[in-house]
Amino acid sequence: MGKFYLTTPLYYVNSKPHIGHAYTEIAADVLARYHRLANNEDVRFLTGTDEHGQKIAKAAAEAGLSGPEFTDKISLTFRELWKTLNISHDDFIRTTEQRHKESVKKVWERLKGTKVGGQDVIYRNTYDGFYCVSCETFIAEGLLDPNAPALCPDCKKPLERMKEETYFFRMSAYQDRLMQDIRQGRLKILPESRRNEVMGFLEHNKLSDLSVSRPKNRLAWGIPVPFDPEHVTYVWFDALINYISAIGYGSDPAALKKWWPADVHIIGKDIIRHHAVIWPALLYALDLELPKMVFAHGWWVVDGEKMSKSRGNVTDPREIVSVYGVDAFRYFLLREAPFGSDGTFSEEALILRYNTDLANDLGNLLHRTLTMCEKYFEGRVPDFRERACVSNVEINALKLMVAGDEMIDVVDAAMGTLAFSEALGAIWDVVGRANKFIEESAPWTLFKEKKSSDLELVILTLTEVLRDTSQAIWPFMPRTAEVMWTQLGLTFPIDRLEKIPAKAHTTFGVKIAKGTPLFPRIETEKKP
Ligand code: MSP
């Protein structure tokens, strides 16, 4: 059995989660579910919270709480939201946990004895430059305009000038190797635009070494450097290590061997350099393989600005799901914008998607099909019978079946590159065809004219296509898919895709259990 290890970033616990965080998490959940469903793989889906550093120390102080009190409280809000959003992670790691601290310690110890090009990988020096507390990032002076106030090139906040004794990681020594690995596809960065951005950066800049500790008298909220208690680990260095600490780095070699390298790190485009430059360099130094893929998705923006706590333009996902439901929210986020691009979040856009795609297209298809099955066949799907293709209905039914089969392959290919909106587009294409098939075959007329063979075929084809559709949407909207499944009267597990269903895995002869419509329309003054 193959394995699939995927991770999300660890979210900062300076404030509670917003839609941007929910987006990454839902995308990772969809991918994890898809791999469990379609490939029958041993999946490990890791998420968690990033709890050290200056930004969090400051937020805790402002809230009048100790570090542990504050981080416990906020980390819990992430965990609770993931439960609400039906996230199926296998592990949730907090950087304040003992298991993580132990691994970080092991990393330091290992690096301390390591040389690159005959020089120590870790050495002491003075960091004299700028720091962005909001991004927790050291900003090279060369990137700044000397005649303007020092602002972070990413988040535009004022930078802090710092001069402190720290430990450095000799990142510069790995530049050529990293460029080779990216060029030759050993480290796959998607989408292509992000790969080009990273390559462009590496081609035009000489990598500097990275300050990887902070003096304890300046910042105490961090993991101590094991050989120098006067220093704590730089928060990014600490956080990146989670991807291996959670699978037993330094404590469980068998688990590490089983899961590492990660198959995909899903991140937002804001932290691409940390994952495509710092992290690979650290892995080289530790003599570990690189992750197979880093996928940097786009941002949810509001009025052209990234949604973020510091810009004060965040929407609480809990409010959205309390009005529209979890699955409509999950669907909207992954359908509305291609995964690598930015998307504009608005409730109007969500309502439009809800009413058209979910209520009109999917909800109606299920409801009409089951209503007809009740009316014409007393709620039992007709059994399949061999028949020659003679009528138009039969030809159209065959075409729809073929489209349903092809959809499974298109979805599979799209999921391989995390093209979630494409996968959903392919599924909805079949939903649209199925609705059209109802109109074209006019079952009500077939019933009146007593064309029972055609009528049987119409219902049977629709229930089969709905079976495929519900399985295909299961990773995206698990609860909806499960309700569809139950209404279709299916009892075998939904979470294992049978590419060529045996008779036992079809809707033939099944007693359906029609329920209320899936997505009752949302009435707005201006109807879409
Ligand atoms: N703690 C670091 C990551 C450490 S990983 C070892 C961090 N945390 S964060 O909470 O600021 O952001 C984490 C992720 O949340 C981003 O990379 C991105 O995936 C997601 N998003 C936060 N705001 C977002 C949007 N407005 N839109 C989409 N996703 C964004 O960086």
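Right, let's walk through the structure included here. (Residues numbered from 1 in each chain as written. Predicted model: local features only at pLDDT ≥ 70, side-chain atom pairs only at ≥ 80, totals over all residues. Heavy atoms only, no water.)

1. As for the packing of aromatic side chains
Each aromatic ring pair is described using two quantities: the centre-to-centre distance and the angle formed by the ring planes. Tallying each qualifying case throughout the model produces 32 aromatic pairs. With 6.4 Å between their ring centres and 55 degrees between their planes, Tyr5 and Trp259 make a pair best called tilted. Taken as a pair, Tyr5 in strand S1 (residues 3-12) and Trp259 in helix H9 (residues 253-259) lie far apart in primary sequence, 254 residues in all. In terms of burial, Tyr5 and Trp259 fall into one category: buried. Put simply, the rings of Tyr23, Phe295, Trp300, Phe332, Phe339, Phe345, Phe420 and Phe476 pair up and form one aromatic cluster. Over the aromatic face of Phe130 sits the side chain of Arg161, whose NZ or CZ is 4.8 Å from the ring centroid. (Phe/Tyr/Trp six-rings, centres within 6.5 Å; stacked < 30°, edge-to-face > 60°. Helix = DSSP H or I, 4+ residues; strand = E, 2+ residues; numbered from the N terminus. Buried < 20%, exposed > 50% of the residue type's maximum accessible area, 1.4 Å probe, protein only. Lys NZ or Arg CZ within 6 Å of the ring centre and 35° of its normal.)

2. Some details on the sheet that holds strand S15 (residues 293-297)
Spatially, S3-S2-S1-S14-S15-S9 is the arrangement adopted by the six strands of the open sheet, whose pairing is parallel. Lying at the two open borders of the sheet, with one neighbouring strand each, are strand S3 (91-94) and strand S9 (188-190). Mean inter-strand twist for the sheet, computed between neighbouring axes without regard to direction, equals 20 degrees. Where S1 lies against strand S14 (residues 264-268), two bridges are found, and the strand directions are parallel. Of the residues in S14, the one forming a bridge with Leu6 is Val264. Strands S9 and S15 of the sheet are contacted by helix H6 (residues 192-204), whose axis makes an angle of about 120 degrees with S9. Set on the sheet, helix H10 (residues 272-286) makes contact with S9, S14 and S15; between it and S14 the angle comes to about 140 degrees. (Pairing = 2+ DSSP bridges. Axes fitted to C-alpha atoms, helices over the stretch in contact; angles between N-to-C directions. Contact = heavy atoms within 4.5 Å.)

3. Re the sheet that holds strand S13 (residues 228-233)
Taken together, three strands build an open sheet; the order of strands is S11-S13-S12 and the sheet is antiparallel. Whereas interior strands pair on both sides, the edge strands pair on one side only; in this sheet they are strand S11 (213-215) and strand S12 (224-225). In this structure, S11 lies alongside S13, joined through three bridges in antiparallel fashion. Residue Arg214 lies in a different strand from S13, and its bridge partner there is Val232.

4. A few points about the side chain of Ser75
The topology assignment puts Ser75 in helix H3 (residues 67-84). Separated by 3.4 Å, the side chains of Ser75 and Arg94 make a polar contact. (Polar contact = N/O pair within 3.5 Å; in protein donor to acceptor, adjacent residues only side chain to side chain.)

5. A short note on the nonpolar core
Ranked by size, the top nonpolar core spans 182 residues in total, and within it Phe169 and Trp260 carry the most contacts. For this core, the leading source of residues is helix H13 (residues 347-377), giving 14 residues. Setting aside its immediate chain neighbours within four residues, Phe169 contacts Val121, Ile122, Tyr174, Asp209, Leu210, Val212, Phe237, Ala281, Leu282 and Ala285. (Core = buried A, V, L, I, M, F, W, Y, C linked by side-chain atoms within 4.5 Å.)

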